Amino acid sequence: MQVPQAAPGSCALSIVVPVYNEEDGLDAMVARVTAAARGCFGADYELILVNDGSKDTSWARICAHAERDPHIVAIDLARNHGHQLALTAGLHHVRGAIVFVLDADLQDPPELLAPMLAKLREGHDVVYGQRIKRHGETAFKRGTAALFYRMLDKLVDTHIPPDTGDFRLMTRRVVDQLNAMPERYRFIRGLVSYVGFSQVPFPYERDARFAGETKYPLRKMVALAIDAVTSFSTVPLRFASHLGMLFGLAGLLSLAGIVWVWLAGGTVQGWASLAALILIMGSVQLLVLGVFGEYLGRMYMESKHRPLFQVAEVRRHPVAVTAAAAGEAVQPVPASSEEAIRVAG
Ligand code: UDP
Ligand code: MG
């Protein structure tokens, strides 16, 4: 797979934020994330904003920030790829020794960087945010999320911690492992668990969205849930044989009943029960076929080896490009000497 290369050089911290139609909260997010990063690392950080084909003014705002601030790397994807692939694109561009991932809507407080960092420095490779409370989310979203994480835990072998999103701090070696995984149906929190090393939770209260609406309607949540299950488990494929055994047993029992009635000199009546049985069997067979089809379709899509994402443009401040080439941390520059350049993606 061909992926765009990160700029040379390195820094202490890379922050990756996927952005999809977040114009209302973007400026506040950049300000809070920048303050948190400066508080921990001074000038030695980069903030990667990945525009996932936004239809509003998000990209223009991101560019304006990149023109002002040499710490900001602006990545524009060619179209909307979805949250997980937008995040993947950002992770492929990181230069930092530590990587911080958070959403653009400020539901995950950037100020938690400092305590999460302290935890990471105790000798862990991943510190993942675990939601102990979710503010501003509907009972339906909370309920379905809780159900999903419990169901996932039953189905998959890899332990994927419940109530955990993509808000986390990771060392570079974990991100390198993630970037080496070529699959396109990505459930990143699961992939991080799969990588291993020492991973610890960081309990936090998830704030309400700062502005705008959720970009995860029910349809996308269901798609993510199916990605999660099919990426990490083949248990649904085994349902077919379990169902087969169950129905076989039921058939044998009813046959025994029929023979019993016949021996007693009676006749078994009822075309309605027969019709119901045929319908049930038919629907179970189609259901099982559908599950097979889901896995088969995913294998087909994976077999094409298409790139995971298309980058339209990467913008870095000229100061950032020069410093990166020299392997230095970028320093803030006075506003008058700024000039943004385009680096083809
Ligand atoms: N997002 C994205 N592409 C999409 C949908 C969402 O990059 O197609 C981003 C979005 O801007 C946000 C993050 O993914 O930064 C999580 O989305 P959201 O907050 O809407 O999800 P929720 O918190 O409601 O589950
Ligand atoms: Mg959100």
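Note that the coordinates shown come from a computational prediction; the quantities given were computed from them, not determined experimentally.

Description of the site of ligand 1
(1) Moving on: Surveying the vicinity of ligand 1 reveals 20 residues, the closest of which are E22, D52, D105, T214 and K215.
(2) Moving on: A distance of 2.8 Å separates an oxygen atom of ligand 1 from a polar backbone atom of P18.
(3) Moving on: In the environment of ligand 1, an oxygen atom lies 3.3 Å from a nitrogen or oxygen atom belonging to the side chain of R206.
(4) Moving on: A total of 530 Å² of accessible area belongs to ligand 1 in isolation, and the protein chains cover 95% of it.
(5) Moving on: Looking at the shell around ligand 1 residue by residue, the class counts come to 6 nonpolar, 5 polar and 9 charged.

Quick notes on the nonpolar core
(1) Moving on: Counting residues in each nonpolar core, the largest one holds 43 residues, and the members touching the most others are V16, L91 and M170.
(2) Moving on: Apart from the residues within four sequence positions on either side, M170 is in contact with L91, A97, I98, V99, V101, D125, V126, V175, L178 and V192.
(3) Moving on: Counting 37 residues, the second-largest nonpolar core is a separate cluster that includes V19, L26, A37 and I72.

Focus: the environment of F247
(1) Moving on: Summarising the element assignment, F247 is placed in helix α9 (residues 235-263).
(2) Moving on: Separated by 37 residues in the primary sequence, F247 and V284 place their C-alpha atoms 9.8 Å from one another.
(3) Moving on: If sequence neighbours within four positions are ignored, F247 has contacts with I280, M281 and V284.

Notes on the pattern of salt bridges
(1) Moving on: All chains considered together, the criterion is met by 16 salt bridges.
(2) Moving on: We note a salt bridge from E22 to K215, for which the minimum N-O separation is 3.7 Å. With a gap of 193 residues between them, E22 in the loop between β1 (11-19) and α1 (23-41) and K215 in the loop between β7 (199-206) and α8 (218-232) connect regions that are remote in the sequence.
(3) Moving on: Using a relative accessible area of 18% as the deciding quantity, one classes K215 as buried.
(4) Moving on: Here R61 makes a salt bridge to D27, at a shortest N to O gap of 2.9 Å. With R61 in helix α2 (residues 58-68) and D27 in helix α1, this pair connects stretches of sequence that are 34 residues apart.
(5) Moving on: Residue classification places D27 among the partly exposed residues on the basis of a relative accessible area of 36%.
(6) Moving on: Linked through salt bridges whose partners overlap, the residues forming this network are E22, D105, R209 and K215.

Focus: the coordination of the magnesium ion (ligand 2)
(1) Moving on: Around the magnesium ion (ligand 2), the protein supplies D105 (OD) and Q107 (OE1) as donor atoms, at distances of 1.9 to 2.0 Å. The two residues D105 and Q107 agree in class, both being buried.

Here's the deal with the packing of α8 against helix α10 (residues 271-303)
(1) Moving on: As a packed pair, α8 and α10 sit with axes 11 Å apart at the nearest point and diverge in direction by 80 degrees. Considered as vectors, α8 and α10 are oriented roughly perpendicular to each other. Packed against α8, whose contacting residues are I226, D227, V229 and T230, the element α10 presents E294, Y295 and R298 at the interface.

Thoughts on the side chain of E22
(1) Moving on: On the basis of relative accessible area, E22 is assigned to the buried category, the value being 8%.
(2) Moving on: Aside from chain neighbours lying at most four places away, what touches E22 is D56, S58, A104, D105, R209, A211 and K215.

Reading the values: the criteria
- Residues numbered from 1 in each chain as written.
- Chains lettered and ligands numbered in written order.
- Predicted model: local features only at pLDDT ≥ 70, side-chain atom pairs only at ≥ 80, totals over all residues.
- Heavy atoms only, no water.
- Near = heavy atom within 4 Å.
- Polar contact = N/O pair within 3.5 Å; in protein donor to acceptor, adjacent residues only side chain to side chain.
- Areas by Shrake-Rupley, 256 points an atom, 1.4 Å probe, with all protein chains shown as cover.
- Nonpolar A, V, L, I, M, F, W, Y, C, P; charged D, E, K, R; others polar.
- Core = buried A, V, L, I, M, F, W, Y, C linked by side-chain atoms within 4.5 Å.
- Buried < 20%, exposed > 50% of the residue type's maximum accessible area, 1.4 Å probe, protein only.
- Contact = heavy atoms within 4.5 Å.
- Helix = DSSP H or I, 4+ residues; strand = E, 2+ residues; numbered from the N terminus.
- Salt bridge = Lys/Arg side-chain N within 4 Å of Asp/Glu carboxyl O.
- Donors = N, O, S within 2.8 Å, 3.2 Å for Na, K, Ca; no water.
- Axes fitted to C-alpha atoms, helices over the stretch in contact; angles between N-to-C directions.
- Parallel < 35°, antiparallel > 145°, perpendicular 65-115°, else oblique.

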